[in-house]
Amino acid sequence: MTTTEKHEFPMARTCPFAPPPAYQEIREEEPVSRVRLPDGGWAWVVSRHEDVRNVLNDRRFSAHRQHPDFPALVEGKAVSRRPDAERMLLEMDAPEHGPARKAVLGEFTVRRLEALRPRIQQIVDGQIDALLAGPHPGDLVKSLSLPVPSLVICEMLGVPYADHEFFQGLTVKVIKQSTPPEERGAAMGAIQGYMADLVAEKELNPPDDLLGRQIVKLRADGTYRRSALTGMGLLLLVAGHDTTANMISLSTVAFLRNPEQLAKIRTDPGKTLNAVDEMLRYFTIIDAATARLCIEDIEIGGQLIKAGEGVLALSYAANRDPRAFENPDELDIERHARQHVAFGFGPHQCLGQNLARMELQIVFDTLFRRVPTLRLARDVDELPFKDDANIFGLYQLPVTW
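For the structure given in this document, a descriptive report is provided here. Remember, it's a predicted structure, so these values are computed and weren't measured experimentally.

## Description of the packing of aromatic side chains
Applying the stated criterion across every chain yields a total of nine aromatic pairs. With a centroid separation of 6.3 Å and 80° between ring planes, the pair formed by Phe-17 and Phe-385 is classed as edge-to-face. With Phe-17 in the loop between strand S1 (7-8) and helix H1 (21-29) and Phe-385 in the loop between strand S10 (375-376) and strand S11 (398-400), the pair connects residues that are 368 residues apart, well separated along the chain. Accessibility classification places Phe-17 together with Phe-385 in one group, the buried group. With centroids separated by 5.9 Å and ring planes inclined at 5°, the aromatic side chains of Phe-385 and Phe-392 adopt a geometry described as stacked. A relative accessible area of 11% means that Phe-385 is categorised as buried. Judged by relative accessible area, which is 3%, Phe-392 ranks as buried. Three or more aromatic residues link up through ring pairs in this structure, and these residues are Phe-17, Tyr-282, Phe-283, Phe-385 and Phe-392. Directly above the ring of Tyr-395 sits Lys-386, whose terminal nitrogen or CZ lies 5.4 Å from the centroid.

See below:
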């Protein structure tokens, strides 16, 4: 296996419906290879589906993003934490990760989420009402994609939705690749400060929302720490709105470009959940979340990776691996794509994946039923895709009907 760097990361998509062209070359010719990072360092990339799952499921790869050797996909080292901040769930390793995840896992059981379905449906209907009553053409991002998951996660956490412009604006700065390190750190610190103040307020009289219930539960267990709950709340707030918002927008474009696929869920809504997982596989909007640091020598895909070396487990390359998915570059909503790694894999698999699936299912079934003549108001090549962000999506989506 070569040890020279042929590619630089991160790579930009040249087509919104396909991975960077080099991903296929890497996966087929050098599935475990070295790449150059923005800070001048290097890391291993792992690109095949089986190998990516092995990396993400092995405790010899650490998720500790604050470690100085952790592979960074943005330039510069920003001080992105308040002095009292703790590692967030996605940054923890065993043994602390398991108990921290278990403490909040009950909030995301299928039974609890099903109880939210009527309210999510109400939110979706309300936003579609607003879209239809608003300007024509309208912006689907502003009217539907962003408000739906934002309202849902705000109600779950007990975050005032009136503050949505504040935390949404800061989130854009955090995930934009061109944001200067100091500005990114300041934005992250501002969101942390906002969440810390909100948690402190809830401590006085814990309400019946996710944060309030966590305060009561953790106090009873003798494990409550405001800084830890602040990190959890921040993670759920940011991840809970931006990712799903981007998937709503991208999937809507994909459905409108592939009317034969859209016809299938219109005819049989029982296929919508399959369609959701296929869209997640097809777009794979996050690659950076699956970066890791090797903490013990291990062989992956025939290549020895040594302790202290960084690894990028390329979810998007894995989700287009023909060894795992037949004709992977085709969009096929009848494909059984549940084994995709768009939500990660192993101990750090996305906590809110079932909530995201439910939101997407409700949005697709409702939007295309209520607005059967929906169409794009601009050509696809004129749409403002987020080519400059660590989470792919759309800044605006002009639609008409």
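## What about the pairing of strand S2 (residues 32-36)?
Of all the five residues making up S2, four are buried; the element is thus mostly covered by neighbouring parts of the structure. Two elements, S1 and S2, share two bridges in a ladder whose sense is parallel. Across the sheet, His-7 pairs through a bridge with Val-35, a residue of S2. With five bridges joining them, S2 and strand S3 (residues 42-46) adopt antiparallel strand pairing. Looking across to S3, one finds that Arg-36 is bridged to Trp-42.

## Concerning the pattern of salt bridges
Counted according to the given criterion, the structure contains 30 salt bridges. Between Arg-370 and Asp-125 there is a salt bridge whose closest N-O contact spans 3.3 Å. Pair noted here: Arg-370 is in helix H14 (residues 353-370) and Asp-125 is in helix H4 (residues 110-133), with a separation of 245 residues, a long-range link. Assessed through its relative accessible area of 27%, Arg-370 is described here as partly exposed. The partner of Lys-217 in a salt bridge is Asp-221, with the nearest N and O atoms 3.5 Å apart.

## Describing the nonpolar core
Residues Val-159, Phe-255 and Phe-283 are the most contacted members of the largest nonpolar core, which totals 85 residues. Top contributing element to this core by residue count: helix H10 (residues 226-257), with 12 residues. Discounting residues that sit within four places of it in the chain, Phe-283 has contacts with Arg-13, Pro-16, Phe-17, Met-247, Leu-250, Ser-251, Ala-254 and Tyr-316.

## Brief notes about helix H2 (residues 49-56)
Because an α-helix packs 3.6 residues into every turn, residues spaced three or four apart end up facing the same way. Those residues of H2 not exposed but buried are His-49, Asp-51, Val-52, Val-55 and Leu-56. Here the buried residues of H2 occupy an arc of 165° about the axis, which is enough to place them on one side.

## Focus on the pairing of S3
Buried residues dominate S3, accounting for four of its five residues. Hairpin remark: S2 followed by S3, antiparallel, with five residues in the connecting loop; positive phi at Gly-40, about 95°. With three bridges joining them, S3 and strand S9 (residues 310-313) adopt parallel strand pairing. Each bridged residue has a counterpart across the sheet, and for Trp-44 the counterpart in S9 is Val-311.

## Some remarks on H4
Spanning 24 residues, H4 covers 34 Å between terminal C-alpha atoms, matching the ideal 34 Å at 1.5 Å per step. The sharpest bend along H4 reaches about 40° and sits at Arg-117, with the proline Pro-118 one to four residues further on. Those residues of H4 not exposed but buried are Leu-113, Ile-120, Ile-123, Val-124, Gln-127, Ile-128 and Leu-131. Each element contacted by the buried residues of H4 is listed here: strand S5 (138-139), helix H5 (140-145), helix H6 (147-157), H14 and S11.

## Quick notes on the side chain of His-49
Structurally, His-49 can be placed in helix H2. For His-49, a relative accessible area of 7% translates into the label buried. Within the structure, His-49 has its side chain in polar contact with the backbone oxygen of Gln-339 (distance 2.9 Å). Excluding residues that lie within four positions of it along the chain, His-49 makes contacts with Ala-318, Asn-319, Asp-321, Ala-324, Phe-325, Gln-339, His-340 and Val-341.

Here is what the cut-offs are and how they apply
- Residues numbered from 1 in each chain as written.
- Predicted model: local features only at pLDDT ≥ 70, side-chain atom pairs only at ≥ 80, totals over all residues.
- Heavy atoms only, no water.
- Phe/Tyr/Trp six-rings, centres within 6.5 Å; stacked < 30°, edge-to-face > 60°.
- Helix = DSSP H or I, 4+ residues; strand = E, 2+ residues; numbered from the N terminus.
- Buried < 20%, exposed > 50% of the residue type's maximum accessible area, 1.4 Å probe, protein only.
- Lys NZ or Arg CZ within 6 Å of the ring centre and 35° of its normal.
- Pairing = 2+ DSSP bridges.
- Salt bridge = Lys/Arg side-chain N within 4 Å of Asp/Glu carboxyl O.
- Core = buried A, V, L, I, M, F, W, Y, C linked by side-chain atoms within 4.5 Å.
- Contact = heavy atoms within 4.5 Å.
- Arc of directions from axis to C-beta.
- Expected span 1.5 Å × (residues − 1).
- Bend = angle between axes of the 7 residues up to and from the residue.
- Polar contact = N/O pair within 3.5 Å; in protein donor to acceptor, adjacent residues only side chain to side chain.

None of this, on its own, says anything about what the molecule does.
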